[in-house]
Amino acid sequence: ELYFATQKALRQGLENPPDMRLKIRENQRQARQILAQREVPLEAVNTLWNDFKADYFLRHSPEQIAWHCRKIIAHGDNPAPLVLIGKHPIRGGSEVFIYCRDTPNLFATVASALDQKNLSIHDAQIMNSRNDYVLDTFIVLEPNGEPISPNRTATIKKALEKALQEPGKLVLRSKPLSRRHRQFSVPTRVVFLPHKGENRHTLLELTALDTPGLLARIGAVFQQCGIELHAAKITTIGERVEDFFSLTTLAGEPLNQAEQQALEERLVNQLNPQEQGDEEGR
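Trainee: Help me get a handle on the sheet that holds strand β7 (residues 227–237), residues and values and all.
Mentor: Sheet strands pair via backbone hydrogen bonds, and the direction of the pair is either parallel or antiparallel. The strand order β1-β2-β4-β3-β7-β8-β6-β5 describes an open sheet built from eight strands, whose pairing is antiparallel. Looking at strand neighbours, the two that pair on one side only are β1 (82–85) and β5 (189–193), the edges of this open sheet. The average angle at which neighbouring strand axes cross in this sheet is 25°, direction not considered. As paired elements, strand β2 (residues 94–101) and strand β4 (residues 133–141) share eight bridges and run antiparallel to each other. Residue Y99 lies in a different strand from β4, and its bridge partner there is L135. In the packing of helix α9 (residues 214–224) onto the sheet, the strands contacted are β3 (120–126), β6 (202–209), β7 and β8 (240–249), and the crossing angle to β8 comes to about 20°.

Okay, structure coming up:
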């Protein structure tokens, strides 16, 4: 993705930055073509897309958009969570897509459920629709770094559906650092970004060592601190994760200075590799 984006930028000239609105419209156009081939009613597609924010169409490929929308429309008014697991590898892993009503601690619930199935989250896009549904995409890997084994797909899907029926019930496993992870030193770093305009969310950047169950522990910290997650971008770069979170209190307010400090301290204490090693030794 970086290669093709760079190639396109060089071709059009760095003085001509890409127009995000054109990118969104092109993704929508291509997705409509795919959906039309699958005989999905255009009216149903337009009705669904009215609830989606522009960011959704920017962050996903036309193929992903068409796949998600076809399944959501087929799901209809079923109140049960919709969990999809892609059949083909994407970005080297398997795509897990979740569509359901947003509830407190949903991110922590999903991260914990995936960790229980011994899956590592390599990449994630967390976002909400205008009608308060989550549109969460996770790229996950098996312990050997491969996509989900086909014979595990059904059990993983069932486990996620069950966990989403009882959000907030977390089970965190204590796993020692592997020999590979112990070779790296990536201290946990938490940075709160300044507000822009009327943004009512607190924006947080987190850098840490990519360790087993990392996102499950982050989600547990959010739950313990009474934090509500509104959006996130999870990125793994080698042994390091660079995560971005948009947060509020459960009352929907930005975090004040004391709340930010308490969250930072708890994240550093929970995620610092040295702290984990000390706790495991005890």
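From this point, the discussion proceeds with the structure in view.
Trainee: Requested: an account of the packing of helix α6 (residues 106–116) against helix α7 (residues 153–165), with residues and values cited.
Mentor: The interhelical angle for the contact between α6 and α7, taken along N-to-C directions, is 150°, at an axis separation of 9 Å. Crossing geometry of α6 relative to α7 is assigned as right-handed. Note on element contacts: α7 touches α6 through L160, A163 and L164, opposite L106, T109, V110, A113 and L114. In the contact of α6 with α7, the residues fall into seven nonpolar, one polar and no charged.

Trainee: Can you lay out unusual backbone geometry for me, pointing to particular residues and giving the numbers?
Mentor: Positive phi outside glycine occurs at E39, with the angle close to 60°. As for its position among the elements, E39 is in the loop between α2 (20–37) and α3 (42–49). Phi angles above zero are rare outside glycine, and N105 is one such case at about 65°. For N105, the position within the fold is in the loop between β2 and α6. Take N105: its relative accessible area is 23%, and that puts it in the partly exposed class.

About the cut-offs
- Residues numbered from 1 in each chain as written.
- Predicted model: local features only at pLDDT ≥ 70, side-chain atom pairs only at ≥ 80, totals over all residues.
- Heavy atoms only, no water.
- Pairing = 2+ DSSP bridges.
- Helix = DSSP H or I, 4+ residues; strand = E, 2+ residues; numbered from the N terminus.
- Axes fitted to C-alpha atoms, helices over the stretch in contact; angles between N-to-C directions.
- Contact = heavy atoms within 4.5 Å.
- Left-handed = near helix turned anticlockwise from the far one by under 90°.
- Nonpolar A, V, L, I, M, F, W, Y, C, P; charged D, E, K, R; others polar.
- Buried < 20%, exposed > 50% of the residue type's maximum accessible area, 1.4 Å probe, protein only.

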